[in-house]
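So you can see what is in the structure, the chains are spelled out below.
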Amino acid sequence: MGDVDGNTVLAQALKKQGINYVFGIIGYPVIELSMALQMAEIHYVGMRNEQAACYAAQAIGYLTGNPGAVLVVSGPGLLHTFGGLANAQINCWPVLVLGGSAPQDHEGIGGFQECNQVELARPYCKYSARPPSIPLIPLHVEKAVRLCKTGRPGAAYLDFPANILSGKVSETQVPDQYGPMEIPQIFPDPAQIEKAISVLTQAKNPLVIVGKGAAYSRAEKEVRDLVELANVPFLATPMGKGVVPDTSPKFVGSARSTALQQADVILLLGARLNWILHFGRPPRFSPKVKIIQIDLNAEELHNSVQAEVAIQSDIKNAVTILNEELKRRGFKYNNNSDWWNLLRKKCQDNQRSVKAMCADESVPLNYYTVFHNLFINLPDDCIIVSEGANTMDIGRTMLLNNKPRHRLDAGTFGTMGVGPGFAIAAAFYCRHNHSNKRVVCVEGDSAFGFSGMEIETMVRYKLPIIIVIVNNSGIYSGMESSVLNEIRSSVGIEDIAKVSPPGCLTSVTRYDNMMNLFGRTGFFVNTVPELHAAVKEAFKIVDGPTIINVIIDTTADRRPQAFHWLTESKL
């Protein structure tokens, strides 16, 4: 047996642990590593920005249950991933970052891009380490991947000095590492299940909230069975959408304010009582509400408010047992109860006002009209990626999801710039698992600006992503060009930054023309007929991305809300 270098050992260790996708940007000292990854039959996807690469890798982790990896250079390359690392850690998505670093004999004397990378990454990770030698690389890779996936999923970082990557050892010195390990299954305490059943079956106004944890647990069948079996109304957090179809008659998203305020028992399935759910506190919730909380992570139980019943368990396992017990007892909540009648009426009233906004086709368009006419042209099984302020918030209510893990958005950390990276990951996932499924990336114009050059990545890898930019020429809201120009012309050019409204972007920017850079044509949309035509043509494009640039009213806003805290909520 001959010698083997650190690049090869690392690539083979990653492959053995089930890593199939690595996203990154190469440079010193990881150029040879990128080629070693491909020789190990790992998909290497070259990106244009390290943050976007990290967003893509974590989205692959969420979609497949196995972490994607990120390959970055030393110093600034790693620092650029921290937005993505933090997003993955807080969003509970598995991702592994691999950072090159300065040679060890250059440390302390001003090495190129020298940086204390292991310690800097530690606050954003479950595990941050540097393998001290080539033979120990497989051990650290196994541990990092295992920690990404087990318990509450999250991020890990491994640091590789240039001399470790390029160094060589005899193949006999590299141990055959175990793995990948099966994720341990957590089952609920039977006594707590009994208590949960007692509380739920005595509820006058029960409500189920389906969280992202239920989607990650692949618990869609069990949760759907629960909702149907017990006949209870449900809401979904943004990425819990689709675990039970949004089109289900049990879904009361159009009456969510009433549902949350008046529910006396709420069953939380993999959802956290954080800002997205207003911490489970009044005025959004009843002060007397009883919470039944099921979560994979014991530390999450009783967070923000004390749960009436707190169950640590995989969602799938717990709901399976709940269903068996409910079936044994023959429990089914009364379909003609005052609670169901109230929620149905609220849904109908709120849907009526939204329907009126959807019917308004005056130019410039509003959000609701755009989303309604976009949605009716989408296939039922497309993956929807979305980010922005009103674009994402309104889109959650208008772009329905009937399948789990088919919505990717800014999530718990509220991170902007995630869209193109998420879309790239979703497109690769579809290519290798569901070849007929499409990815639609719905972006606010401000959000698109964070990672817009990733369209070149999409072109290079022939990813048929449809990017829909809902363009109001601003952050939250913009300003008509005539008014903006008048304001800017009122001062000299040296003072233009003193008067330009901070939230305004260039009016009616032609993002669709970015496709011309690649010899392609985008779509510029002002009217509903133009939108219908553009979407239909976009779905015919199968060899790369396209951009549909939809111009809307610069002052378009959400439907008026009854309370200011409803506007703040992202549910």
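In case you missed it, the structure is sitting above this.
To start, this report covers the structure provided alongside it. Computed from a prediction, not measured in an experiment: that's the story for all the values here.

## A closer look at the nonpolar core
Okay, step 1: Of all hydrophobic cores here, the largest spans 115 residues; its most connected members are Phe23, Leu408 and Ile465.
Okay, step 2: Ranked by residue count, the leading element in this core is helix α3 (residues 50–64), at ten residues.
Okay, step 3: In contact with Phe23, other than residues within four places in its own chain, are Val45, Met47, Ala53, Ala56, Ala57, Ile60, Ala69, Val70, Leu71, Ile424, Ala425 and Phe428.
Okay, step 4: By size, the runner-up hydrophobic cluster in this structure holds 34 residues, among which are Val4, Ala36, Leu98 and Ala144.

## Comments concerning the sheet that holds strand β9 (residues 206–210)
Okay, step 1: Taken in spatial order, the five strands line up as β10-β9-β11-β12-β13 in an open sheet, and their pairing is parallel. In this open sheet, the two strands that pair with only one neighbour each are β10 (234–236) and β13 (309–312). On average, each strand axis in the sheet is tilted by 15 degrees relative to the strand beside it, whichever way the strands run.
Okay, step 2: Of the strand pairs in this sheet, strand β11 (residues 265–269) and strand β12 (residues 290–295) are connected by five bridges, and their pairing is parallel. The residue of β12 that forms the bridge with Leu269 is Ile294.
Okay, step 3: Lying over the sheet, helix α9 (residues 190–201) contacts β9, β11, β12 and β13, oriented at roughly 140 degrees with respect to β13.
Okay, step 4: Against the sheet, helix α13 (residues 315–329) engages β11 and β12, with an angle of about 125 degrees to β12.

## Here we look at helix α22 (residues 528–538)
Okay, step 1: Every buried residue belonging to α22 is among Val528, Leu531, His532, Ala534, Val535 and Ala538, and all of these are buried. The buried side chains of α22 occupy one side of the element, clustering within an arc of 165 degrees when seen end-on. Opposite the packed face of α22, turned more than 90 degrees from it, sit the exposed residues Pro529 and Lys536.
Okay, step 2: Where α22 is buried, its residues meet α15 (367–375), β17 (465–471), β18 (523–525) and β19 (546–551).

## Observations regarding a nonpolar patch on the surface
Okay, step 1: Taken together, the side chains of Ile26, Ile31 and Met35 make up a nonpolar region of the molecular surface, amounting to roughly 250 Å² of accessible area.
Okay, step 2: Examined against the element boundaries, Ile31 turns out to sit in helix α2 (residues 31–39).

## Some thoughts on the side chain of Lys149
Okay, step 1: Here Lys149 lies in helix α7 (residues 137–149).
Okay, step 2: Apart from the residues lying within four places of it in its own chain, the contact partners of Lys149 are Gly65, Asn66, Pro67, Pro180, Met181 and Ile183.

Rules behind the numbers
Residues numbered from 1 in each chain as written. Predicted model: local features only at pLDDT ≥ 70, side-chain atom pairs only at ≥ 80, totals over all residues. Heavy atoms only, no water. Core = buried A, V, L, I, M, F, W, Y, C linked by side-chain atoms within 4.5 Å. Buried < 20%, exposed > 50% of the residue type's maximum accessible area, 1.4 Å probe, protein only. Helix = DSSP H or I, 4+ residues; strand = E, 2+ residues; numbered from the N terminus. Contact = heavy atoms within 4.5 Å. Pairing = 2+ DSSP bridges. Axes fitted to C-alpha atoms, helices over the stretch in contact; angles between N-to-C directions. Arc of directions from axis to C-beta. Patch = residues over 30% accessible without salt bridge, like charges linked within 9 Å, V, L, I, M, F, W, Y side chains within 5 Å. Areas by Shrake-Rupley, 256 points an atom, 1.4 Å probe, with all protein chains shown as cover. Salt bridge = Lys/Arg side-chain N within 4 Å of Asp/Glu carboxyl O.

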